[in-house]
Number of protein chains: 4
Amino acid sequence: MSNKKVAIIGASGFTGSELVRILHYHPNVDIEMITSESHTDKKLSDIHPFFNGIVDTELESVYDLHKHHIDLAFLALPHGVSMDYVKQFQKFDFPIIDLSGDFRLSNAETYQKWYAQEHIFPEGFAHAVYGIPELFEDTIRSSKLIANPGCFPTSIILALAPLMKNNLVDINIIADSKTGVTGAGVKAKAVNHFSNVHDNFKAYGIKTHRHTIEIQEKLNEMSRYENKVQFTPHLLPVDRGILSTIYLKPSNSGFNNNILQKTYSDFYSDSYFIRLLDSSPSIKNVRGTNYCDIFTTYDERTNNIIVVSAIDNLVRGAAGQAVQNMNIIFNYDQHCGLEQMPLFP
Amino acid sequence: MSNKKVAIIGASGFTGSELVRILHYHPNVDIEMITSESHTDKKLSDIHPFFNGIVDTELESVYDLHKHHIDLAFLALPHGVSMDYVKQFQKFDFPIIDLSGDFRLSNAETYQKWYAQEHIFPEGFAHAVYGIPELFEDTIRSSKLIANPGCFPTSIILALAPLMKNNLVDINIIADSKTGVTGAGVKAKAVNHFSNVHDNFKAYGIKTHRHTIEIQEKLNEMSRYENKVQFTPHLLPVDRGILSTIYLKPSNSGFNNNILQKTYSDFYSDSYFIRLLDSSPSIKNVRGTNYCDIFTTYDERTNNIIVVSAIDNLVRGAAGQAVQNMNIIFNYDQHCGLEQMPLFP
Amino acid sequence: MSNKKVAIIGASGFTGSELVRILHYHPNVDIEMITSESHTDKKLSDIHPFFNGIVDTELESVYDLHKHHIDLAFLALPHGVSMDYVKQFQKFDFPIIDLSGDFRLSNAETYQKWYAQEHIFPEGFAHAVYGIPELFEDTIRSSKLIANPGCFPTSIILALAPLMKNNLVDINIIADSKTGVTGAGVKAKAVNHFSNVHDNFKAYGIKTHRHTIEIQEKLNEMSRYENKVQFTPHLLPVDRGILSTIYLKPSNSGFNNNILQKTYSDFYSDSYFIRLLDSSPSIKNVRGTNYCDIFTTYDERTNNIIVVSAIDNLVRGAAGQAVQNMNIIFNYDQHCGLEQMPLFP
Amino acid sequence: MSNKKVAIIGASGFTGSELVRILHYHPNVDIEMITSESHTDKKLSDIHPFFNGIVDTELESVYDLHKHHIDLAFLALPHGVSMDYVKQFQKFDFPIIDLSGDFRLSNAETYQKWYAQEHIFPEGFAHAVYGIPELFEDTIRSSKLIANPGCFPTSIILALAPLMKNNLVDINIIADSKTGVTGAGVKAKAVNHFSNVHDNFKAYGIKTHRHTIEIQEKLNEMSRYENKVQFTPHLLPVDRGILSTIYLKPSNSGFNNNILQKTYSDFYSDSYFIRLLDSSPSIKNVRGTNYCDIFTTYDERTNNIIVVSAIDNLVRGAAGQAVQNMNIIFNYDQHCGLEQMPLFP
């Protein structure tokens, strides 16, 4: 069987370069084209020098897409831009995996409220499927448009799905997340100036971060309850990694730690990338990989359930999960080409 | 008026060296002696080379204490060791500021349960006063034994005192704290190996950290409610700093952001070291100082109050607060000798 | 005697904020005005939030300088801009300490060659004095224009002055320097993006860095030889600090380690801020201070002299040295207001 | 053809875990056994948790080696210990790749002088081959004992081989190297305490580092001159990576940049892992990989040649190079199983 051919639309950011890093050695896929409107005719290694001598592919314009045979396209573009490309690509037949936030929410009104901009699909995005492979494999397989989940939502939804699907928790959810700097993008700005990040730590987007609604909508879809998610992101002085510490209350009395552990081990018994740990995960143990490490415990003293999860925001939180979704669409093993080891230390 | 003379008992750790860093230039205090049983007859600058040429004082044994006139002693010792010194020092007349956890809790039973060791004052520590200067100035002034608060409790108690004293919140408290590595001490061990900390982040002590009970006891003393504190510390790849993100619910309906802001600005109107901010504090903005920066907000959507506080764990969370307590005892301005600027960046 | 009044021209950068950090508590100086053309009418703490509640001074325009009585002005401006201000300020009588590179070189031609731009004082800058206090105290005292040295040159010239003034070394000098990120300025750009700096290290400006000529000219002035300086800077993943490792050969046979040590201890016997160490200095031991730590050794096997020096680039390499120069001009002790302790860790 | 079976002797350190990280997915090799005398019967993932669920192999004692069929053994042991194992393993027939310093030098006397301990092969180690694959492929292929080079020597010898083999440089060599912390080992000690490394930088081992003699001996073997190497290592606040900045003088007049560039591009035209760059390499661009990035330039002003090289000390400086040597012995492509991408950022 010949390799599938994919296009990576948008190569200047961390998500685009990470897609290349993973796909270049994928055994059943060839990168057919990489586009960048701002760097057309440069080589990928000109803008990401670590690819020097490894991937020196010339960057093309997206307007040359018709010159290639493409089996699937990844959109590694900012939200707001991505939806335009989805519209243009409707004339093509290949499935699209969109790594932006443009198609993750339930409808255009909600999008407009949280993203403070118009959506060009006001009729809604029912055709888009939310791409968490462990949870939605069947719908992903048959979809032409995958909304690849946000990095924080991935870390929180994977961490809570077993509780939600079993309706084991109360509606009040506190998700205290900490992320590396790459989440803020490749463009230089005050927020990612070394001197503002190094030896520093702070919260941001309190009450208002866009991922709040994405998390809440998906948790609500999985549960019979109408949850309220309090999501607070913080900025860590590291490149990669998200650790989410999540606090919930059981919906019923009689809850205990055995129920909790069994719920998770049953739910994730066949999941290659989910590692259930017996102490807190750490972000360096998943660095560069598609794993999601999860620890759960119940505190009888306070009647709180605590769930801690760790992912690499660029891999599991973006490019790796996108490749996992692609593997489903192409009927490959979910972990095909995704067996990178954690880089520790 | 001649300067007061103080002793620093235990100089090999970060807390001891930080006391010297602050007190060396205190205008009304002289460091009369610095002790270290493991480094007696070395110079302070032999074990902390940054003092080279600045503080080359010879370290003495505590057994030579009687050779000096001492007006106050700081104990910068591990818990479990500190109580022995307090017992020995009862023959002297000077007040003691103990930076360990030995006298912070309400009674010996609770100590033994959370610290897993015997206490040699089984009759209790009613004579010890918990030393948060903004909250307990009057009792501190007249005490002979100050239990200098733990670093995490300082960051959380200062952050919540206005709510507690006004009985504005429900009994369920989530305190998600993040600390720099110096909290784990100067001794080399796996937990502070550079490669385990750098580019990494994790939770630890979930459900069981000793500061949990210290926080809960003090909050309960300030409030009419019996609070349950869920405290989760995390380890940041930085040297100094604690940021605590705290989630609570109002005890009554009708709560709003105006009430919240007024409660804090009234409560801390005269507090030199409390800075109320209009966005999240960051630990680098208080680095090297005795400030506690606090941000508060109320989320109508979820009915949660969120409080974020930042301190330097070695200054406000240890040596700086100890000097502030000393200033009260000596009737100096609370900020005397504590006017270090944040070192940013 | 009433306090002297100084102006800080340019407050948005790291050098400007560092001048405020140091001068705010200087016992004999008041900051009379702080200017910023881009942030006029904001408060200093709006652009440097760590000053919140400490220095909330309103920023003024330099055009309001005439409204104040000023005893001395610091120019914390980019090179190329600074010379314009020097020209404008000629109508005033106060001395100027210029922290840019505009007046450090010997003449306009050399400036134009290495800085690739015109100089508006083509007749030369004989009126400017190069401000290393330990070396040029007398000329500094009587000057109206101090060219405050570059950060790398400070670390190298202080490290080599004893050898140069005694003509003990050959003309071939290798200076391999490593600097923190603050040297690249406060403005966000690719070079100071966290992800390009963190966990990374590289050389830059090989053969061409502007400080090369500044170092070489000053060393040549101190020595009878015409030295050739090979200067290579590198970028460290830290905020502050420069460590220079310098390799030279003795000019005569019969050189030994005793001669070397005596040369340095004699030369710097009265220098408050120079600390001669018996092993390599480290940048964290001088962090936040005006110290210059120096280690020297002679390797008989290779006939090389090795000198290692460490400074804080923002203090000794900029604002601290500027204040030290100011102290000389005002006839204060050189270390007056500069007794900050190293912040370790 | 069936896969070769290898043993990894010593798994508790960074070198051992890195061998597993690389070899686990090597297409033509199986890890037959992993030993650790201090952790026998634990799983590898107990001591290196990032292997959790990926490599949970039980650790064995080296005394069970005879129970396995082994085609090659890697010794990831401290120097001084390694030679004992080499002696014991003489009864077996498989080739050994020793990652310690025990067999890198020319003779036992030199070893004893620089390593300050006896060598148990006083008759010499003529049977050991120094394992830099690009330089000694033929002798490596036929050897039973490979002395895998030191991390610093690898970075410097690869950087200078083209100049040495062509006798283009003078005998005075300055090698100023900077390394990440993993070079100091996995065991917790003051030198790798986070607070001593983070935000810090210093030189160490000046004049006396053991790698000095290793570098000098190998350079001398490649050149007709008797070189003198001045080697100064420094400690970077990063986990991985060595950058060496090397200064030399041409041996003849008439040298120029064209000669320099052509010498390197000719010499390394067929070398998969050598990347010749047109600006300074950076350690993050080779992180996690076996690449050695090299930049060379000639400064006419000073008549100096400057060579800058970057490697990952755990991969190219240890485990990766060992696998490359293994590939030669097994007649695989040198890069087989070594195609890891740099992890950037």
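What you see is a predicted model, and the numbers here were worked out from it, not measured in a lab.

1. Brief notes about the domain arrangement of chain A
Frequently, the measure chosen for interface size is the accessible area removed from exposure when the parts meet.
All names here are of chain A.
Here is step 1 of the chain: Split into domains, chain A comes out as domain 1 (4-149 + 316-329) and domain 2 (152-313).
Here is step 2 of the chain: Using C-alpha coordinates to define each centre, domain 1 is positioned 24 Å away from domain 2.
Here is step 3 of the chain: Across the contact, 23 residues belong to domain 1 and 33 residues belong to domain 2.
Here is step 4 of the chain: Between domain 1 and domain 2, roughly 2300 Å² of surface is buried when both sides are summed, and carbon and sulfur atoms account for 59% of that area.
Here is step 5 of the chain: Along the contact surface separating domain 1 from domain 2 lie 2 salt bridges.
Here is step 6 of the chain: Two residues, glutamate 214 and arginine 104, come together in a salt bridge whose shortest N-O distance is 3.3 Å.
Here is step 7 of the chain: The tally of links between domain 1 and domain 2 comes to 16 residue pairs in polar contact (both at pLDDT 80 or more).
Here is step 8 of the chain: If you list the elements that add at least two residues to the side of domain 1 that touches domain 2, you get α1 (14-23), α4 (108-115), α5 (133-141) and α10 (315-329).
Here is step 9 of the chain: The element contributing the most residues to the side of domain 1 that touches domain 2 is α10, with 6 residues.
Here is step 10 of the chain: Of the residues that constitute the side of domain 1 that touches domain 2, the class distribution is 9 nonpolar, 9 polar and 5 charged.

2. Side note on the pattern of salt bridges
Two side chains bearing opposite charge may form a pair once their charged atoms approach each other closely.
Here is step 1 of the chain: Under the definition given, this model contains 68 salt bridges over all chains.
Here is step 2 of the chain: Between Arg287(B) and Asp199(A) there is a salt bridge, with its nearest N and O atoms 2.5 Å apart. Linking Arg287(B) in the loop between β11 (274-276) and β12 (292-299) with Asp199(A) in the loop between α7 (194-197) and β8 (202-203), this pair reaches from one chain into another.
Here is step 3 of the chain: Exposure remark for Arg287(B): the relative accessible area of 2% places this residue in the buried category.
Here is step 4 of the chain: Look at Asp199(A) and you get buried, because its relative accessible area is 2%.
Here is step 5 of the chain: Note that Lys5(D) and Asp30(D) form a salt bridge whose closest N and O atoms lie 3.5 Å from each other. Taken together, the positions of Lys5(D) in strand β1 (residues 4-9) and Asp30(D) in strand β2 (residues 29-35) put the pair 25 residues apart, joining distant regions of the chain.
Here is step 6 of the chain: Lys5(D) sits in the partly exposed class, given a relative accessible area of 26%.
Here is step 7 of the chain: The class of Asp30(D) is partly exposed, set by a relative accessible area of 31%.
Here is step 8 of the chain: Here the salt bridges do not stand alone but share partners, grouping Glu18(A), Arg21(A), Arg240(A) and Asp312(A) into one network.

3. A few points about the environment of Ile294(A)
Residue and element names in this part refer to chain A.
Here is step 1 of the chain: Its place among the elements puts isoleucine 294 in strand β12 (residues 292-299).
Here is step 2 of the chain: Overall, isoleucine 294 belongs to the buried group, its relative accessible area being 1%.
Here is step 3 of the chain: Taking the C-alpha atoms as reference points, isoleucine 294 and threonine 154, separated by 140 residues in sequence, lie 12 Å from one another.
Here is step 4 of the chain: Residues in contact with isoleucine 294, not counting those within four places in the same chain, are Leu158, Ala159, Tyr264, Tyr268, Ile274, Arg275, Leu276, Leu277, Val307, Val308 and Ser309.

Rules of the game
Residues numbered from 1 in each chain as written. Chains lettered and ligands numbered in written order. Predicted model: local features only at pLDDT ≥ 70, side-chain atom pairs only at ≥ 80, totals over all residues. Heavy atoms only, no water. Domains from an automatic or database assignment. Contact = heavy atoms within 4.5 Å. Buried area = accessible area lost by both parts, 1.4 Å probe. Salt bridge = Lys/Arg side-chain N within 4 Å of Asp/Glu carboxyl O. Polar contact = N/O pair within 3.5 Å; in protein donor to acceptor, adjacent residues only side chain to side chain. Helix = DSSP H or I, 4+ residues; strand = E, 2+ residues; numbered from the N terminus. Nonpolar A, V, L, I, M, F, W, Y, C, P; charged D, E, K, R; others polar. Buried < 20%, exposed > 50% of the residue type's maximum accessible area, 1.4 Å probe, protein only.

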